[in-house]
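What follows is the residue order along each chain.
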Amino acid sequence: MILDSLSELWLWQLLGRLHPLVVHFPIGVLVTAFILEVLTFGGNRAELRTGIRWLVYIGAGTSVLAALVGLLLAYGGNYPASTLNYHRWLGIVTVALALLAAGLLHRARSGGRPADLNLYRGVLALTVLFLTVAGHLGSSLTHGSDYLTSVLPWNNEAPSRGETGALLTELAVHRELGRLEEPHLNKLNQGVRRIFAHSCYRCHDSDEADGDLALDSQEGVMAGGEGGPVVMAGRPDDSELLRRLLLPGGHDDVMPQKGRSLHAEEVELIRLWIELGAHWPDEETGTFREAELALDKPEVPEAGPELEQPIDRFVHVYFEEQGLSWPEPVNDANFMRRVHMDLIGLLPEPEEVRAFASDPAPDKRERMIDSLLSRDHDYAQHWLSFWNDLLRNDYSGTGYIDGGRKQITDWLYDALQYNKPYNAMVRELINPDEGSEGFIKGIQWRGDFNASQSTEMQAAQNISQSMLGLNMKCASCHNSFTSNLTLDQAYSFAAVFSDTLLAVERCDVPTGDHAEPGFIYKELGDIDATLPKLERLVKLAEIVAQEKNGRLYRTIANRFWARLMGQGLVEPVDEMDVEPWNQDLLDWLAADLIDQEYDLKYLLSSILNSRTYQLPSVAAGEDQANGEDVFRGPLRKRLTAEQFADALGQVAAPVYQSVAFDPYDSRNAEAEWIWYNARQDGRNSLPEPGLYYFRHAFDIPAGRAIKEAQLLISVDQAFELFLNGTSVGRGQDWRDVARIDVTSQLNRGGNILAVEGENGGTTPNPAGMLLNLRVTFVDGGVEEVRSGRDWKVRNQKPGPGWEGIGFDDSGWEAVRSYGNRAWGRLIDFTHDQAGERLRFARASLVNNDPFLTALGRPAREIVHTGRDPEVTLLQALTLTNGEFFNGVLQRGAGLWIDRYGEDPEELVRQIYLSAFGRVPTDREKEVAGGMLAGDPGREAVQDLLWAVVMQPEFQYIH
């Protein structure tokens with residue numbers, strides 16, 4: 001809270017903004033020191049040693065200052081959370097490494113061992129490496145994520161360059177055949193206007209109009225600028241526009257002044273347009289392609305009897321056009337792993353693999369798909385991640401603490417578990433009840449934010465992107481440079497969600513206008529601006545979800561295709577105005593979804609049962625022909641963060657023990673996390689490591705016979721439990737909920753529960769105890785004793801007998817309660833073991849953490865419609881030397897040794913069956929046998945598990 005308050009002070013903000021200035025000094029100093037250090041290798045250039053020493057000392061010292069100023073900027077600025085977190089923590093690690101390097105250098109110089117010098121050099125090299133990565137992330141925050149990569153030759157293509165070349169070729173062919181007709185001239189005009197939009201609107205649209213030249217309308221282009229006309233129809237060589245485009249780079253009059261120069265094909269297209277009369281159609285047409293809203297179900301093409309499925313028949317036509325033949329489908333093992341990971345996000349169990357392999361029935365794949373789709377909870381827990389990304393729903397993060405954001409998890413989970421029709425989902429998200437209102441409520445940002453991030457505009461952006469495949473972010477500030485969307489359309493849509501008149505702002509500057517509520521596509525229906533907000537939402541939900549809105553159903557069909565196939569029929573999936581590689585197939589999928597009453601599981605089943613889905617996977621890059629993407633089969637996909645964590649839990653040990661959302665929450669035993677109320681300077685603080693002592697008195701009615709008394713307890717990190725002075729249980733790991741029968745230890749009348757709890761570690765850290773005692777009486781009644789605010793605690797060892805009834809605890813303190821969800825819901829904290837509950841904590845149900853973040857799970861502050869397929873440095877470091885990851889492998893090694901420690905050969909066999917659904921090859925047996933030679937210890941099995949889960953066969957869906 002103090003940081004949040006200080007972040008609003010101008011002085012704090014001013015100091016923070018000095019970070020880019022301050023940080024460059026230690027960067028230059030440390031990099032220079034490293035270069036000079038390299039020059040001294042082999043004992044050369046000893047005269048450099050004094051200078052290097054001072055450079056390292058100065059660089060380390062000033063890096064601390066740079067980091068402190070950077071923290072001020074982080075708290076006072078508004079930056080993307082995920083990139084900011086990476087940059088901040090990498091910066092802190094870099095400072096620590098720089099200080100360590102300075103310390104090691106000082107020790108080496110003060111008579112340390114020769115190895116100290118080499119250790120210092122290694123740490124200095126690591127410092128420069130982290131410095132480089134942190135610096136790149138810093139530049140991404142200030143200049144955009146493509147700051148470095150945008151200048152590379154392969155990233156310097158115009159968005160329309162390929163289209164421009166194709167259009168020139170098409171027009172040349174038609175000119176040879178005769179006179180160009182009106183449709184051809186219209187396409188030429190659209191191509192030129194696209195070039196203007198991408199390269200010229202930044203300076204020359206109706207709002208900017210540098211030099212009084214506006215290129216976003218016929219009137220503006222033909223009127224020219226302050227120097228007169230720029231286009232002379234039929235006379236390209238006399239046109240000022242073309243002259244300026246052809247000037248050499250760096251010339252004062254060259255156009256465009258900002259951004260890249262136009263490519264030769266683009267200049268040639270503009271020349272041709274002027275030469276042919278600078279045609280501009282009379283009717284209003286968009287600059288960019290817009291997909292049809294209407295949706296007609298195409299006829300399924302004819303094909304041979306071996307292709308009965310409609311999807312396959314559409315793809316067959318495409319394959320014939322591309323000159324491709326049908327490969328054989330993948331084998332049963334690959335199919336089974338693929339469909340399990342795609343539908344429920346879990347590896348198939350070895351017994352399932354064996355049963356499927358031995359099943360001779362020809363329809364076994366179809367039955368397998370139906371079986372997996374019927375596993376409602378597994379399906380919901382897996383697909384929850386997809387929908388959370390798409391609807392930017394999460395369990396914690398920006399906005400949740402102060403109520404400026406609301407999650408929709410209960411509503412969403414029910415919608416998935418019970419397979420709610422998609423049109424109903426859309427209606428309930430747009431016209432929400434209490435359970436689903438978090439979607440359009442958006443995030444109420446704290447502090448300053450721009451007009452394009454108001455909650456009303458967020459609602460419009462969320463719906464347009466997630467449901468309609470239309471990215472409205474550019475149009476939220478100004479007329480879009482990449483689509484036909486205008487600022488007025490964006491504000492009109494946002495006004496539907498506003499309780500008051502919505503003032504229009506262009507790039508955060510008020511225009512003086514107010515927006516009239518309305519939907520983007522007027523032809524689908526009007527919204528009466530006089531209606532109150534709630535009635536406007538009812539009308540909007542009807543308009544968006546209606547059958548005539550083919551864009552809605554094409555978008556979800558394309559998203560599901562992309563999820564299963566690794567690439568969409570339209571790419572990118574958020575730009576549905578891009579022409580699909582198979583329009584008929586996309587239309588058929590969308591129309592068939594409507595015909596099947598909007599059943600999303602049916603849509604999945606259709607795709608999964610196709611021979612197309614069951615084709616061999618294609619690696620990225622293998623789907624190219626003549627520079628264009630050609631569909632040959634599903635792209636090979638990396639496991640998502642959640643899929644990897646769950647698969648790791650199946651092969652090694654459960655990664656998580658508690659969840660932020662538990663679909664079986666009603667079966668969990670109730671209790672509050674409690675601990676010692678540590679305070680410093682009058683404020684709550686983290687408790688020190690060490691032993692803490694808890695007591696709680698309770699009564700059992702003397703006249704009631706006890707049938708059973710069961711106690712659940714979890715303590716971070718270890719505990720010993722006493723009941724009425726007698727030790728009744730111990731534990732060493734909070735993840736393992738202790739389940740203790742205390743029926744015989746209870747007294748009729750007064751009882752005392754006492755716990756000696758240990759907070760582990762070497763520095764202050766969070767700790768907690770969770771306890772529930774359920775007493776069932778013979779008469780059927782039930783009473784519970786729970787950890788809560790009425791317990792007492794002491795942080796010093798008490799006197800003898802503190803565990804018993806007669807001990808005086810009047811001087812003990814009240815505990816601090818963290819509530820019942822501070823560390824999530826422990827899935828094993830239940831008395832109802834036989835009831836339906838989570839087998840293990842699925843990663844989709846937990847709060848985001850550094851492990852999942854490193855593996856690519858996003859902070860869901862914006863809509864995410866895909867995960868980055870590229871491996872990052874942070875992921876590599878996490879999976880090679882991450883403490884959390886290694887801890888999971890270590891626990892897993894213990895479990896495997898407990899089961900098969902006496903038979904190393906069987907241990908290897910079972911690990912391979914669990915991870916890959918197959919037995920190891922002879923070579924794999926040989927290598928694994930060497931690792932486990934002799935008595936297989938925990939470290940050797942841990943190494944084997946690491947080697948297995950690092951395999952591409954494990955990390956990719958083939």
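The structure we're discussing is the one just above.
So, a few notes on the structure that sits alongside this text. (Residues numbered from 1 in each chain as written. Predicted model: local features only at pLDDT ≥ 70, side-chain atom pairs only at ≥ 80, totals over all residues. Heavy atoms only, no water.)

### Considering the pattern of salt bridges
If charged atoms from side chains of opposite charge come close, those side chains can pair.
Step number 1: Across all of its chains, the model carries 50 salt bridges by this definition.
Step number 2: Here Asp779 makes a salt bridge to Arg704, at a shortest N to O gap of 3.1 Å. Remark: Arg704 occurs in the loop between strand S10 (690-700) and strand S11 (706-715) and Asp779 occurs in the loop between strand S16 (769-777) and strand S17 (782-786); sequence separation between them is 75 residues.
Step number 3: What makes Asp779 exposed here is its relative accessible area of 56%.
Step number 4: Residue classification places Arg704 among the partly exposed positions, given a relative accessible area of 23%. (Salt bridge = Lys/Arg side-chain N within 4 Å of Asp/Glu carboxyl O. Helix = DSSP H or I, 4+ residues; strand = E, 2+ residues; numbered from the N terminus. Buried < 20%, exposed > 50% of the residue type's maximum accessible area, 1.4 Å probe, protein only.)

### Details of the pairing of strand S15 (residues 749-759)
Step number 1: Burial within S15 is extensive, with eight of its 11 residues counted as buried.
Step number 2: Of the strand pairs in this sheet, S10 and S15 are connected by 11 bridges, and their pairing is antiparallel. For Leu691, the partnering residue across the bridge sits in S15 and is Glu758. (Pairing = 2+ DSSP bridges.)

### A closer look at the pairing of strand S14 (residues 738-741)
Step number 1: Alternating residues of S14 divide into Ala738 and Ile740, all buried, and Arg739 and Asp741, none buried.
Step number 2: The pairing of S11 with S14 spans four bridges and is antiparallel. Each bridged residue has a counterpart across the sheet, and for Ile713 the counterpart in S14 is Ala738.

### Some thoughts on the packing of helix H29 (residues 883-900) against helix H30 (residues 904-916)
Step number 1: Between H29 and H30, the shortest axis-to-axis distance is 9 Å and the interhelical angle comes to 125°. The orientation of H29 relative to H30 falls into the category oblique. Two packed elements cross with a definite hand, and for H29 against H30 that hand is right-handed. Seen from H29, the contacting residues are Trp896, Ile897 and Tyr900; seen from H30, they are Pro904, Glu906, Leu907, Gln910, Ile911 and Ser914.
Step number 2: Grouping the amino acids of the contact of H29 with H30 by side-chain chemistry returns six nonpolar, two polar and one charged. (Axes fitted to C-alpha atoms, helices over the stretch in contact; angles between N-to-C directions. Parallel < 35°, antiparallel > 145°, perpendicular 65-115°, else oblique. Left-handed = near helix turned anticlockwise from the far one by under 90°. Contact = heavy atoms within 4.5 Å. Nonpolar A, V, L, I, M, F, W, Y, C, P; charged D, E, K, R; others polar.)

### Quick word on the nonpolar core
Nonpolar side chains in soluble globular proteins generally cluster together in the buried interior.
Step number 1: Ranked by internal contacts, the top residues of the largest apolar core, which has 154 residues, are Trp387, Tyr422 and Phe851.
Step number 2: Apart from the residues within four sequence positions on either side, Trp387 is in contact with Arg392, Leu412, Leu416, Tyr422, Met425, Ile556, Phe560 and Leu600. (Core = buried A, V, L, I, M, F, W, Y, C linked by side-chain atoms within 4.5 Å.)

### Overview of the packing of aromatic side chains
Step number 1: Enumeration according to the criterion identifies 40 aromatic pairs in this entry.
Step number 2: Seen in terms of ring centroids, Tyr553 and Tyr598 are 5.4 Å apart; in terms of plane orientation they differ by 45°. Their pairing is tilted. Residue Tyr553 is found in helix H23 (residues 550-565), and its partner Tyr598 is found in the loop between helix H24 (583-595) and helix H25 (600-608); the two are separated by 45 residues along the sequence. When sorted by exposure, Tyr553 lands in the same class as Tyr598, which is buried.
Step number 3: Each ring, one from Tyr676 and one from Tyr692, has its centre 5.5 Å from the other, and the planes form 35°; the classification is tilted. On the criterion of sequence distance, the pair formed by Tyr676 in the loop between strand S7 (674-675) and strand S8 (679-680) and Tyr692 in strand S10 is long-range, its members being 16 residues apart. Comparing Tyr676 with Tyr692 shows no difference in burial state: the two are buried.
Step number 4: The structure contains a cluster of three or more aromatic residues connected by ring pairs, namely Tyr379, Trp383, Phe386, Trp387, Tyr422, Tyr553, Phe560 and Tyr598. (Phe/Tyr/Trp six-rings, centres within 6.5 Å; stacked < 30°, edge-to-face > 60°.)

### Here we look at helix H13 (residues 332-343)
Step number 1: Over its 12 residues, H13 runs 16 Å from end to end, which matches the ideal 16 Å to within 8%, given 1.5 Å per residue.
Step number 2: Extensive coverage of H13 is indicated by the burial of nine of its 12 residues.
Step number 3: Three or more residues of H13 are buried, namely Phe335, Met336, Arg337, Arg338, Val339, His340, Met341, Asp342 and Leu343.
Step number 4: Between a side-chain oxygen at the N-terminus of H13 and the backbone nitrogen of Ala333 the separation is 3.3 Å; the capping residue is Asn331.
Step number 5: Of the residues trailing H13, Gly345 is marked for its positive phi of about 70°. (Expected span 1.5 Å × (residues − 1). Polar contact = N/O pair within 3.5 Å; in protein donor to acceptor, adjacent residues only side chain to side chain.)

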